[in-house]
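# Close look at the chain arrangement
Okay, here's what each chain looks like letter by letter:
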Amino acid sequence: MSTAPRLSLLLFVLLALGLHSAAAAAGEAVIRTHPDSAGSRSLPVDCSDAEGEGWSRHRIEAPAAGWEAKPLAVLVSGIAVDRVRIAHGDRVYCGQYGDGARADSRFRTGVGGVFVPVQGGSNPIQVSVSGAALDLWPVVIDVGAPLEVQRADTLRFAFRVAVLAITFSVVFSTALAWVALREVALLSLSVNTVLVVVWIAVITGLSGFPEAWLPVGEARLRILLSSPLLVAAITVFLMMTSTRLRTHSRGARLISAGCVVLAMLALPAWLLPWSAIPTFAVWAEFGVALLFGGVVLVSLPGMLRRRLLPTANLIGVLPLAAVSASGVFLPSLLGGWKIEAYVGGAAWIAVASRSMLMMRLASLRRQRDEMRALAQSDPLTGLANRRTALARLQSEVEHRRTQGSDFGLVFVDLDNFKQINDSFGHSAGDRVLVAVAQLLRSLVRGSDVVARLGGDEFVLILVGADVATSQRLAERVRERIELLPLVGSGPEAPLACTASIGVVASAWHPDAGAEELLKRVDEAMYAAKKAGRNRVVRG
């Protein structure tokens, strides 16, 4: 039994076993048990130094009429947030942002807790946050009924997970495309998107859910500042490369310089003292906004001229350009959804970059295929050229030697073609060649080869044809060429065209190679010429 039937039998057996197991388990409930995680909502976090330096303090004041004795949820988040302490009366929550195992499990996008104030009480809720104070990324504190706060928290968490999953898919699909195509640009985009995934995971806190699977520790803020610079520079460079923006104007050259500057600024983010981080963060975000805004301006003229790649480039970069510009110049516009806006824009540009790069590669591949087709075909008739015919003939000879299959070879040479050119002009001669080419193509099967060797010489490779079929087709070609309706410079100048044809069947010369067969069929054609033209001679 061969390999294919054995594999089919194995798959059938596995399928039968799977169906049997599924039928046996039908209707049974699936019971899953979960171990007790130390009997607590979160692992302990030390916030005993909340009154010291490095902590910012915020107060949530009671309403004028005092607190109502209703549950009240407080949720704290922000990219510069490290540890959070929330206290009201005797109730204290202390959690670590970006580590789901060290925060209240009822909240996913930050550190939170639920309090029940004393009816009519006026004591404020104290919130202490450790971390750098960034002007453009303030601490976000959500306060309200637990149900409403948790709904908004769940919505943000679901959005962040979806964005991370989409970006993951871009990494995998781009990596697979690189494996298949071995294009350096695809590898660069895949590596760049990995950086985007890391940045999204860290800025959203998903790197610590359900526990810290990407332990970045104190380097978290430096990763958040350096990654966007490097990612923005690589992304814009790849987009410019895929859309050929580098050949444009001075603006494109400035953008290229901006990519280099941003990429170089990623290093100082790791070397600057902690006190310089807030200022660096402002300038870094301004640089990213300026770079994406420049790409929009450079791509706009191409879009107005309805060019596809600049339009796709603009569509890809516009959301993140708008978000980054709003984050710098109108920070209140994004409100507490700034993180979601940025990660959504980053995921969008990752998908758009991959799409544009694939479009560019597809365009290059089409150009390559067109060049290959031009190299393999005759420009006048569209038939295969001499090189393609010889390669196919060699392939058929090798196939006959290994498989024993027959084929026929027909050589067609138009009679007195020079007189047609001399009497009616070369344009009339070209029309005759095109008409004969169309006729030959119509007389053979799709698997056969029709080629123009040059001048008025054509060859037909009849795949799988025996002796009788080859001779019969050669005679039919001669008859149809003789009856071909042709005209010269007008209806009053009819043309008569005949052909001398040589035919060879592989069965006649079983040991002959491609060159010998071509020589024999050429000699048969010349024999037809000497015998009076307009006839078929076997070789």
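These numbers come from a predicted model, not from an experiment. (Residues numbered from 1 in each chain as written. Predicted model: local features only at pLDDT ≥ 70, side-chain atom pairs only at ≥ 80, totals over all residues. Heavy atoms only, no water.)

Bringing the overall build of the protein into the picture now. The secondary structure content of the protein amounts to 15 helices and 14 strands. Taken against the 2.2 N^0.38 rule, which gives 24 Å for 539 residues, the C-alpha radius of gyration of the protein at 38 Å runs more than 25% over that of a compact globule. Considering only contacts in the protein between residues 6 or more positions apart, those separated by 24 or more positions represent 74%. Split by element, the accessible area of the protein, about 28,100 Å² in all, is 61% carbon and sulfur. (Helix = DSSP H or I, 4+ residues; strand = E, 2+ residues; numbered from the N terminus. Rg over C-alpha atoms; globule rule 2.2 N^0.38 Å. Contact = heavy atoms within 4.5 Å. Areas by Shrake-Rupley, 256 points an atom, 1.4 Å probe, with all protein chains shown as cover.)

Of note in the backbone geometry, Arg182 takes a positive phi value of approximately 55° without being a glycine. By the element assignment, Arg182 lies in the loop between α2 (146-181) and α3 (184-204). Its identity is not glycine, yet Asn534 carries a phi of approximately 55°, on the positive side.

This part takes up the pattern of salt bridges. The tally for this structure, following the rule as stated, stands at 18 salt bridges. With a closest N to O distance of 2.9 Å, Lys529 and Asp415 form a salt bridge. With a gap of 114 residues between them, Lys529 in helix α15 (residues 514-530) and Asp415 in the loop between β8 (407-414) and α12 (417-424) connect regions that are remote in the sequence. Grouping residues by exposure puts Lys529 and Asp415 together as buried. Note that Lys418 is salt-bridged to Asp422, the shortest N-O span being 2.9 Å. One end of the pair, Lys418, and the other, Asp422, are both in helix α12, four residues apart, so they sit about a helical turn from each other. Asp422 shares its class with Lys418; the two are exposed. A single salt-bridge network, built from bridges that share partners, covers Asp413, Asp415 and Lys529. (Salt bridge = Lys/Arg side-chain N within 4 Å of Asp/Glu carboxyl O. Buried < 20%, exposed > 50% of the residue type's maximum accessible area, 1.4 Å probe, protein only.)

Another aspect to go through is a nonpolar patch on the surface. Residues Leu9, Leu10, Leu11, Phe12, Val13, Leu14 and Leu17 make up a contiguous nonpolar surface patch of about 710 Å² in total accessible area. By the element assignment, Leu10 lies in helix α1 (residues 3-25). Taking the relative accessible area as the measure of exposure, Leu10 reaches 47% and is therefore partly exposed. (Patch = residues over 30% accessible without salt bridge, like charges linked within 9 Å, V, L, I, M, F, W, Y side chains within 5 Å.)

We now examine the sheet that holds strand β9 (residues 449-454). Read from one edge to the other, the open sheet built from five strands follows the order β9-β10-β8-β13-β14, with strand pairing classed as mixed. Either end of the sheet is taken by a strand with one partner, and the two such strands are β9 and β14 (536-538). The sheet shows a mean angle of 20° between the axes of neighbouring strands, direction not considered. Bridge count for β9 against strand β10 (residues 457-463) is five bridges, and the pairing is antiparallel. Directly across from Arg452, in β10, lies its bridge partner Phe458. On top of the sheet, helix α14 (residues 467-482) reaches β8, β10, β13 (499-505) and β14; it is set at about 170° to β13, its chief contact. (Pairing = 2+ DSSP bridges. Axes fitted to C-alpha atoms, helices over the stretch in contact; angles between N-to-C directions.)

Here we come to the sheet that holds strand β1 (residues 55-60). With antiparallel pairing, four strands are arranged side by side in an open sheet as β1-β6-β3-β4. Of all strands in the sheet, those bounded by a partner on one side alone are β1 and β4 (91-96). Each strand of the sheet is rotated relative to its neighbour by a mean of 15°, with strand direction disregarded. One ladder, built from four bridges, connects strand β3 (residues 83-88) with strand β6 (residues 125-130); its direction is antiparallel. By the bridge assignment for β6, Ile86 is matched with Val127.

The next subject is α15. For α15, built from 17 residues, the straight-helix expectation of 24 Å at 1.5 Å per residue is met to within 8% by its first-to-last C-alpha distance of 25 Å. If you follow the buried residues of α15, they end up packed against α11 (386-403), β8, β10, β13 and β14. Trailing α15 by a residue or two, Gly532 shows a phi angle of about 120°, which is positive. (Expected span 1.5 Å × (residues − 1).)

What follows is about the environment of His509. Within the secondary structure layout, His509 lies in the loop between β13 and α15. Residue classification places His509 among the buried residues on the basis of a relative accessible area of 14%. A C-alpha to C-alpha distance of 69 Å links His509 and Gly345, two positions 164 residues apart in sequence. Contacts of His509, omitting those with residues within four sequence positions, involve Val504, Leu517, Arg520 and Gly539. A distance of 3.5 Å separates polar atoms of two side chains, one belonging to His509 and the other to Arg520. (Polar contact = N/O pair within 3.5 Å; in protein donor to acceptor, adjacent residues only side chain to side chain.)

Our focus in this paragraph is the packing of aromatic side chains. Here the distance between the centres and the angle between the planes together describe a pair of aromatic rings. In the structure shown here, the tally under the stated rule is six aromatic pairs. Centroid distance Phe157 to Phe209: 4.9 Å. Interplanar angle 65°. Geometry classified as edge-to-face. Separated by 52 residues along the polypeptide, Phe157 in helix α2 and Phe209 in the loop between α3 and α4 (220-243) bring together distant segments of the chain. Overall, Phe209 belongs to the partly exposed group, its relative accessible area being 29%. Ring centres of Phe286 and Phe329 lie 6.2 Å apart, and the angle between their planes is 75°; on these two criteria the pair is classed as edge-to-face. With Phe286 in helix α7 (residues 277-304) and Phe329 in helix α8 (residues 308-329), this residue pair connects regions lying 43 residues apart in the sequence. (Phe/Tyr/Trp six-rings, centres within 6.5 Å; stacked < 30°, edge-to-face > 60°.)

This part takes up the nonpolar core. With 78 residues, the main nonpolar core has Ile86, Ile125, Leu134 and Phe292 as its most contacted residues. Among the elements that line this core, the one with the most residues is α7, at eleven residues. Excluding residues within four positions of it along the chain, Phe292 makes contact with Ala232, Val236, Val317, Leu320, Ala321, Ser324 and Ile349. Residues Val412, Leu414, Leu433 and Ala474 belong to the second largest nonpolar core, which totals 29 residues. (Core = buried A, V, L, I, M, F, W, Y, C linked by side-chain atoms within 4.5 Å.)

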